[in-house]
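Spelled out, the chains give:
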Amino acid sequence: MMDKRSVLDRRCYVAGIFWLLLIALASVALAAPAVLPKPSSLAYSVDTTGMITAEDAAKIAEMGRGLDAATGAQVVVVTIPSLDGASIEEYATTLFRNWGIGDAAKNNGVLLLIAKEDRKFRIEVGYGLEGAITDGYAGSVLDGMKADFKSENYSEAIVTAYAELTQKVYEEYGAEVPENVKDVAEEPFWGVLLGAAIFFGLIALLVYAVWGTLKGILHVLSSGRLFQDSVGSAGGGSSGDDESGRYRSGSSGGSGGSFGGGRSGGGGASDGW
């Protein structure tokens, strides 16, 4: 039978463990940033900064509902004014966990978080979709948003990124991608294609013009007409050289423009603009 001292020691030990657990839990709670409260009902876009137009919010809601019904996955976009000193990674993780985005068993949620005043954004991915939406792919989606964000064309960039993420989830589940998702996700592609067509068309016209000039020069040189009025004249020979030099300069001075450099995801899912 235990003596009173042994019983007292055991109670002190249990009480000590209890208080240590309370302190640990309090530390975790204090370390987690205060995030936007969970909405009373499911919302696929929560825009607290006015970055998304009503039309694009409706598109997001339609795409989100369709994906949720077909796969059980949830893609949510949230805009906030500021991180209030927290890192965007901490804020996104805490909000994701507090809201419970995605199916509890499948962990198939995706969060696009945008902090407007901090000029930062992040794509947070649930464990169940990490094989489909890799860090590199998430980073490339963010890269695609930067130009529009710098021009304050927020809504179009957000709805396009949402469509790209939604399409990727459909593909992961082997489900057919709806036309409304394809239409939004592929709009930037056609814009780039049109821009490329215009650029190369201008280059082709420039090359054609230069080639026409060059052919004219070669024809004059081959006929010897440049020297007909100055045969045997040293001054005339000099004049011919000068004119020939002028044509050479003209034929090599028409290559304008340059190709811009594309940017890869860089292996991360957080970035700024």
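Quick look at the side chain of D56 now. Mapped onto the elements of the fold, D56 is located in helix α2 (residues 54-71). Of note is the side chain of D56, whose polar atom sits 2.5 Å from the side chain of S155. For D56, the contacting residues outside a window of four places in its chain are S155, E156 and V159.

On to the packing of helix α4 (residues 135-150) against helix α5 (residues 154-172), then. Two quantities define a packed helix pair, namely the angle between the axes and the distance from one axis to the other. Contact geometry for α4 and α5: axes closest at 8 Å, N-to-C directions at 160°. Considering the angle they form, α4 stands roughly antiparallel to α5. Classified by chirality, the crossing of α5 by α4 is right-handed. Counting all contacts with α4, which are made through Y137, V141, M145, D148 and F149, the residues of α5 involved are Y154, A157, I158, A161, E164, L165 and K168. Along the lines of polarity and charge, the residues of the contact of α4 with α5 split into nine nonpolar, no polar and three charged.

Bringing the side chain of T71 into the picture now. When you line up the elements, T71 lands in helix α2. By relative accessible area, which is 6% here, T71 ends up buried. At 2.8 Å, the side chain of T71 forms a polar contact with the backbone oxygen of L67. At 3.1 Å, the side chain of T71 and the backbone nitrogen of A73 are in polar contact. When sequence neighbours within four positions are dropped, the list of residues in contact with T71 reads K106, N108, V169 and Y173.

Side chains that are nonpolar tend, in soluble globular proteins, to be buried together. If you look at the biggest cluster of nonpolar residues, it comprises 39 residues, and the most contacted ones within it are I60, I114, I123, M145, F149 and I158. Where this core is concerned, the elements lending two or more residues are α2, β2 (74-80), β3 (109-115), β4 (120-125), α4, α5 and α6 (179-185). Considering each element in turn, this core owes the most residues, ten residues, to α5. Once residues lying within four places of it in the same chain are set aside, the contact partners of F149 are M51, I114, F121, Y154, A157, I158 and W273. Listed in part, the 16 residues of the second largest apolar core include V46, V78, I80 and L95.

This next bit is on the sheet that holds β4. Pairing is mixed in the open sheet, where five strands are placed in the order β1-β2-β3-β4-β5. The open sheet is flanked by β1 (45-47) and β5 (270-272), the only strands paired with a single partner. This sheet shows a mean twist of 10° between the axes of neighbouring strands, independent of strand direction. Here β3 pairs with β4 via six bridges, running antiparallel. If you follow V110 over to β4, its bridge partner there is V125. Docked against the sheet, α4 engages β3, β4 and β5, running at close to 155° with respect to β4.

Contact pair α2 / α5: the axes reach a minimum separation of 10 Å and the direction vectors enclose 10°. By the angle between their directions, the pair α2 and α5 is classed as roughly parallel. Contact residues: α2 offers D56, K59, I60, M63, G64, G66, L67, A70 and T71, while α5 offers S155, E156, I158, V159, Y162, A163, T166, V169 and Y170. Of the residues assigned to the contact of α2 with α5, the class counts are ten nonpolar, five polar and three charged.

All right, on to the pairing of β3 then. Across the seven residues of β3, seven count as buried, placing the element largely inside the fold. Of the two faces of β3, both are covered, the one formed by G109, L111, L113 and A115 as well as the one formed by V110, L112 and I114. Taken together, the seven bridges between β2 and β3 define a ladder with parallel strand orientation. Bridging from a neighbouring strand, Q74 pairs with G109 of β3. As for the winding sense of the linkage, the β-α-β connection from β2 through helix α3 (residues 88-99) to β3 is right-handed.

With that settled, the discussion passes to the packing of aromatic side chains. Working definition: an aromatic ring pair is given by the centre-to-centre distance plus the angle between the planes. Considering all chains together, one arrives at four aromatic pairs under this definition. Between F121 and F149, the ring centres sit 5.5 Å apart and the planes meet at 55°, which makes this aromatic pair tilted. Separated by 28 residues along the polypeptide, F121 in strand β4 and F149 in helix α4 bring together distant segments of the chain. No difference in accessibility class separates F121 from F149, as the two residues are buried. When the centroid spacing of 4.8 Å and the interplanar angle of 85° are considered together, the rings of F149 and W273 count as edge-to-face. With F149 in helix α4 and W273 in the segment after β5, this pair connects stretches of sequence that are 124 residues apart.

Rules of the game
Residues numbered from 1 in each chain as written. Predicted model: local features only at pLDDT ≥ 70, side-chain atom pairs only at ≥ 80, totals over all residues. Heavy atoms only, no water. Helix = DSSP H or I, 4+ residues; strand = E, 2+ residues; numbered from the N terminus. Polar contact = N/O pair within 3.5 Å; in protein donor to acceptor, adjacent residues only side chain to side chain. Contact = heavy atoms within 4.5 Å. Axes fitted to C-alpha atoms, helices over the stretch in contact; angles between N-to-C directions. Parallel < 35°, antiparallel > 145°, perpendicular 65-115°, else oblique. Left-handed = near helix turned anticlockwise from the far one by under 90°. Nonpolar A, V, L, I, M, F, W, Y, C, P; charged D, E, K, R; others polar. Buried < 20%, exposed > 50% of the residue type's maximum accessible area, 1.4 Å probe, protein only. Core = buried A, V, L, I, M, F, W, Y, C linked by side-chain atoms within 4.5 Å. Pairing = 2+ DSSP bridges. Right-handed = clockwise from strand over helix to strand, strands pointing away. Phe/Tyr/Trp six-rings, centres within 6.5 Å; stacked < 30°, edge-to-face > 60°.

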